[in-house]
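# Structure assessment
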Amino acid sequence: KSIPFFIVAKDEPQVCYGIFFDNTFHSYFDFGKESQDYYYFGSENGNLDYYVFTGNNMVEIVEQYTWLTGRMPLPQLWTLGYHQSRWGYDSEERFREIAAKLREHRIPCDSIHFDIDYMDAFKVFTWNQELFDDEKQMIADLRADGFKPVTIIDPGVKVEPGYDVYEEGMARGYFATTPDGDVYVNKVWPGDSVFPDFGQPAVRDWWADKQKYLIDLGIAGVWTDMNEPASFNGPLPDDLIFADEERITTHAEMHNTYGHNMVKATFSGWRRHSDVRPFVITRACYAGSQKYTIAWTGDNHSIWSHLQMAIPQLCNLGLSGMSYAGTDVGGFGSDVTPELMARWVQVGCFSPFFRSHCAKFSANQEPWVMPPAVLDIFRKYVELRYQLLPYFYDATRACSLTGLPMMAPLVLFWQNDPNVRELNDEFMLGRDLLIAPVVEQGATKRLVYLPAGSWYDYWTHELFEGGQHIIADAPLDVCPIYVRAGTILPKYPLQQFVGEIPA
Ligand code: MIG
């Protein structure tokens, strides 16, 4: 995710401003590494176009930045529910089993994700007929049980004569070429593949219409991956020919907006062919992509430092306009431990996007493969998420109106409090909930800083005055949560998926 935007906040004299360096070439930012006396930024090419936002505080800066680059549209409510995923679910039988187990173990869930194995030979907009008896029936059955299926789509199109997506794109000049004009080939999942030139309006239009294949099957959203674009045989060369609308340019200029243009095409296809608010998830994006997509942070590992990193990552994305985002809960690579899973679910259930996902070669991490005590913790926090859905939905509404993050670092709201400047392990969810998860292995207590105001411990109802550090008890089943005094916290009755019980 390349979002060249930063915020400056200083005390004496009190100054606050933001800079958006709107340059899509390979850029660099040095914040005090070369010298403590200055920062600088620059780019290898392109224009020195940058926007300066001034305001009284960080809130005003973020509002202005998102006024310029755009704000997220309202999502469908169910997208805020729990999503179950893993790379390696690869047959109709397995997907049906996952759905049944979620319901059997009473883990509320609204969506199951289909990673690359659902496709025929990794060809986008196809379905594997050998591993699935009847995908349309399976999708209908999942939907009848409250699950909204989401499929992955990669940009790489398999080189295969007779494959319609490849043939159409070749006939119409839709793929990136070398400077000599040959269609450029690199390897990704399908083997030799070609890369749609999403900067061309005609290519986006074509890709938008391709969404109809998924929509007609009953798919509910698209998870766009590998759209940096990534490739197996080294990065795409800088001099490949790509378009920026009508203008011909190179990969060097379009690399950072490749994901942006892909999700723009995907979003417009769902607008055109479905009657729901589009649900698009992306790995790569640029400034402004929040108009079309939500994001996940890509391939983390099941290690404590990556759980710790999740909080500043998501807070930073929020300050950069890309608020509706999440991490792979449990971690993608490596094998998760039950303790790490319990703590990650406590962060995940308060992240805007809440999805468990892991790699093909990592240990299973579904709730029911955990020891019984951790299965119970898993359920407790997914249930809490479901009860708090009206609060989350309000946060999306606020974000779509003002651009302010759903999940924010405390410094955004208490900018003048020096105690929150370096705080990376607690965060605000909306305006009224302060979440202080445990992100240290073995810890059963933690230090929590409460900013100005009065705060109730969510679990014990104990009242604390802000402006102090407290020590919170946090055995494995407790994620410390504080509610701003005076808050009205709306809750749904418990349901297994959004809409199961009319509220
Ligand atoms: O080369 O589709 O980040 O979530 O499971 C790996 C397989 C490709 C990377 C994504 C990950 C996904 C995986 N993909």
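Going by the structure above, here's the rest.
Just so it is clear, the structure is predicted and the values come from calculations on it, not from any experiment. (Residues numbered from 1 in each chain as written. Predicted model: local features only at pLDDT ≥ 70, side-chain atom pairs only at ≥ 80, totals over all residues. Heavy atoms only, no water.)

This part takes up the overall build of the protein chain. The number of helices and strands found in the protein chain is eleven helices and 27 strands. For 503 residues, the compact-globule estimate of 2.2 N^0.38 gives 23 Å, and the C-alpha radius of gyration of the protein chain, at 23 Å, lies within 12% of that figure. The dimensions of the protein chain, computed from C-alpha atoms along their principal axes, are 70 × 60 × 40 Å. The buried share of the protein chain, reckoned over its 503 residues, is 59%. Long-range contacts, defined as pairs at least 24 residues apart, comprise 72% of the intrachain contacts of the protein chain with a sequence gap of at least 6. Element-wise, carbon and sulfur atoms account for 51% of the exposed surface of the protein chain, whose accessible area totals about 19800 Å². Averaging the coordinates of the 40 positive side-chain charges in the protein chain and doing the same for the 66 negative ones gives two points 5 Å apart. (Helix = DSSP H or I, 4+ residues; strand = E, 2+ residues; numbered from the N terminus. Rg over C-alpha atoms; globule rule 2.2 N^0.38 Å. Buried < 20%, exposed > 50% of the residue type's maximum accessible area, 1.4 Å probe, protein only. Contact = heavy atoms within 4.5 Å. Areas by Shrake-Rupley, 256 points an atom, 1.4 Å probe, with all protein chains shown as cover. Lys, Arg positive; Asp, Glu negative; His and termini not counted. Charge placed at Lys NZ, Arg CZ, Asp CG, Glu CD.)

This part covers the site of the ligand. In the vicinity of the ligand lie 13 residues, with Asp115, Asp225, Arg283, Asp299 and His357 positioned nearest. Between the ligand and Trp189 there is a distance of 3.2 Å, counted from an oxygen atom to a side-chain nitrogen or oxygen. One nitrogen or oxygen atom from the side chain of Asp299 is found 2.4 Å from an oxygen atom belonging to the ligand. Within the complex, 93% of the 350 Å² of free accessible area of the ligand lies under protein. The residue inventory of the shell around the ligand, partitioned by class, reads eight nonpolar, one polar and four charged. (Near = heavy atom within 4 Å. Polar contact = N/O pair within 3.5 Å; in protein donor to acceptor, adjacent residues only side chain to side chain. Nonpolar A, V, L, I, M, F, W, Y, C, P; charged D, E, K, R; others polar.)

For the pair helix α10 (residues 372–387) and helix α11 (residues 389–402), the least separation of the axes is 5 Å and the interaxial angle reads 60°. As the angle between them shows, α10 and α11 are arranged oblique. On the side of α10, the interface is formed by Arg385, Tyr386 and Gln387, while α11 contributes Leu389, Pro390 and Phe392. Class assignment for the residues of the contact of α10 with α11 results in four nonpolar, one polar and one charged. (Axes fitted to C-alpha atoms, helices over the stretch in contact; angles between N-to-C directions. Parallel < 35°, antiparallel > 145°, perpendicular 65-115°, else oblique.)

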